[in-house]
Amino acid sequence: MDNNLSILIVDDELSVRDSLSNWFIEDGYSVDTAEDAKVALKKIEAFNFHIILVDIKLPGMDGLELNRRIKSINDEAVVIIMTAFASVDSAVQALKDGAYDYVCKPFDPDAITHIIRNASKTIHLSQENISLQDRIKSLVNVEDIIGESEGILKVLEQVRVVAGTDSTVIINGDSGTGKELIAKAIHMNSSRRFFPMVIVHCGAIAENLMESELFGHERGAFTGAQYARKGKFEMADGATLFLDEISTISMKMQIELLRVLEAKTFTRVGGNREFKSDFRVICATNRDLQAMVNAGEFREDLFYRLNVFSITIPPLRERTEDIKPLSEHFVKFYAEQMNKGTKHIGRRAAKALNNYDFPGNVRELENLIERAIVIGTGDTVQLKDLPLDHVAAKPTWESIQEMEYHHIQGILEKYDWNISRSAKALGVDRVTLYSKIKKYKIEKNK
Amino acid sequence: MSRIKIIPLQFAGVEVLEQMLPLISARFKIETLVSTHRMDLTPFFNPVRSQYNANDIIQKMVPLVDEGDKIVGVTDLDLFIPVLSYIFGQAYLGGSVALVSGHRLVNARYGLADDPKLFSERLLKCIIHELGHAFGLKHCLLPGCVMVSTTYVEEMDQKSDQFCRSCKIQLK
């Protein structure tokens, strides 16, 4: 194994430095050594070591003083004091001065392994905490969700209202409408935002694995269960549990889920130890749960337990005013991701997008734009970059003049505004074409 | 041509080592043999700890290595390195010498009935593990891989005498 942690060993005995170096190198740490405090301080000033093992008896400055100096240079370094002479006083003093732990030489191999592993875990957790806090700052704000339609504004208002509570929420919406994004927005605006949102894609988990997935299992619970495993209920302690496609879970699991939701306690599969977990449930479905209850496919008691607050995301075809801002957002996003210069959506492409009914909703729109950025050239997404020719071809105008205007515009764009070729295709002379362009005020598409 | 030489150093079960040769050879794809060499280990005894200093024994073994070979000493004596209270074995990463002790692999030392087969399995794992270090492998986190670090025999019994896929690739 390779890990990214560095260790400095400070001990005046060469044999100790060598033995420990070898031990930690075999564990994949990057290791350096120092024979006294002076050398150690020089190295610590030049490099941020994660873990520093310090012998308490050193020539010149002793280990306790060195520990204090280290803390003034790099407060985050984990210092472990080593000594051949165990003394309660010096141990207490070292810990008071911020040392992580205290070990007596010679160490039991298991003891030192555990201390270093625990220290590594602490360091990783601290690093993870910083990176998660950064991520939280950049994650879903309600204001960041794109949409101007009445439908989406109503959804966002509901998110604001329900986020501050601990109520269970059902998010309804067709596939691709962004149910998970709305769930994240609720989570990120709730008091649980400093914990993860634990996601369970119920539809993607085989029936026989669902129990272990949610409840976890103890070692030996079934063939192959060599080690104990935490389930999602346990992982979601203090956090939000997002159950996607809740309608797909079996009747048996519905009973189990109801029991856990009511008691907030459970046992792992194959175990009898009772675990408590404080989690908030948000679930999502693209099916009408009430209809499923009426048809006897979903338990009524579970439905009422879940359906404390319900949010319905309208499909994209019912909020066409969101297509433009969403498209522009995706163009900006994917152009940046792919390092392309695409900035605009051409008029005909925009019109085609607006006329399309998007059975796959926002996800489909996103995929269309991503594809267009991949295959397109120049700074504008053109109709030819979208697999929507049939939509654009569908006439939406009624008068002959409107039809003429759109037809001439289409031909001009097809021939890149080459007047001679366009006129030939239209079966008119160039002068007639110029007069039509002037009459209809046709402009080159940007 | 490179070889692995197993050298018994105050070790009673030479026939156990001979039975292991094909297995060790298969793991490293190198000819493996038992080579006898007399070495007095008395100077490495530490009376305070009643143990033998593994680092010093390894230093003494270095001149025994022919170019390109790896050697592994196997002993019944209890080994230590200055900073640890005991070790099952010792090798330097990418070095040519390894040392393994069978002292703490014997069931009887833990108040259990003697089990020569289990002892032999543990010893094989130790030898392959330390040779793995000599061939440049670090500790592995994949349960079951012989390169998993173990500090108790119970843990050693959990792992196999095989390298995981990743360690195998690194070994190549």
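Residues numbered from 1 in each chain as written. Chains lettered and ligands numbered in written order. Predicted model: local features only at pLDDT ≥ 70, side-chain atom pairs only at ≥ 80, totals over all residues. Heavy atoms only, no water.

### Focus on the overall build of chain B
Okay, so step 1: Each helix and strand in chain B was counted, giving 5 helices and 9 strands.
Okay, so step 2: Listed by position from the N terminus, the elements making up chain B come as β-α-β-β-β-α-β-β-β-β-β-α-α-α.
Okay, so step 3: Here the C-alpha radius of gyration of chain B, 15 Å, is about what a compact globule of 172 residues would show, namely 16 Å.
Okay, so step 4: Counting only C-alpha atoms, chain B reaches 45 × 40 × 30 Å along its principal axes.
Okay, so step 5: Partitioning the intrachain contacts of chain B with sequence separation of at least 6 by distance along the chain shows that 65% fall at a separation of at least 24.
Okay, so step 6: By element, 53% of the accessible surface of chain B is carried by carbon and sulfur atoms, the whole surface being about 7,900 Å².
Okay, so step 7: The positive charge centre, built from 18 side chains, and the negative charge centre, built from 18, are 7 Å apart in chain B. (Helix = DSSP H or I, 4+ residues; strand = E, 2+ residues; numbered from the N terminus. Rg over C-alpha atoms; globule rule 2.2 N^0.38 Å. Contact = heavy atoms within 4.5 Å. Areas by Shrake-Rupley, 256 points an atom, 1.4 Å probe, with all protein chains shown as cover. Lys, Arg positive; Asp, Glu negative; His and termini not counted. Charge placed at Lys NZ, Arg CZ, Asp CG, Glu CD.)

### With respect to the interface of chain A and chain B
Okay, so step 1: At the interface, 23 residues of chain A touch 23 residues of chain B.
Okay, so step 2: Interface of chain A and chain B: buried area, both sides summed, is about 2,100 Å²; carbon and sulfur atoms make up 57% of it.
Okay, so step 3: If you look at where chain A meets chain B, you find 0 salt bridges.
Okay, so step 4: Put simply, chain A and chain B have 8 residue pairs in polar contact (both at pLDDT 80 or more) between them.
Okay, so step 5: Contributions of two or more residues to the side of chain A that touches chain B are made by α1 (14-26) and α5 (109-138) of chain A.
Okay, so step 6: When residues of the side of chain A that touches chain B are assigned to their parent elements, the largest contribution, 8 residues, is made by α1 of chain A.
Okay, so step 7: In terms of residue class, the side of chain A that touches chain B is made up of 10 nonpolar, 5 polar and 8 charged. (Buried area = accessible area lost by both parts, 1.4 Å probe. Salt bridge = Lys/Arg side-chain N within 4 Å of Asp/Glu carboxyl O. Polar contact = N/O pair within 3.5 Å; in protein donor to acceptor, adjacent residues only side chain to side chain. Nonpolar A, V, L, I, M, F, W, Y, C, P; charged D, E, K, R; others polar.)

### Considering the domain arrangement of chain A
Okay, so step 1: When its domains are assigned, chain A resolves into domain 1 (6-133), domain 2 (142-314), domain 3 (318-385) and domain 4 (400-440).
Okay, so step 2: Domain 1 of chain A and domain 4 of chain A are separated by 80 Å when their C-alpha centres are compared. (Domains from an automatic or database assignment.)

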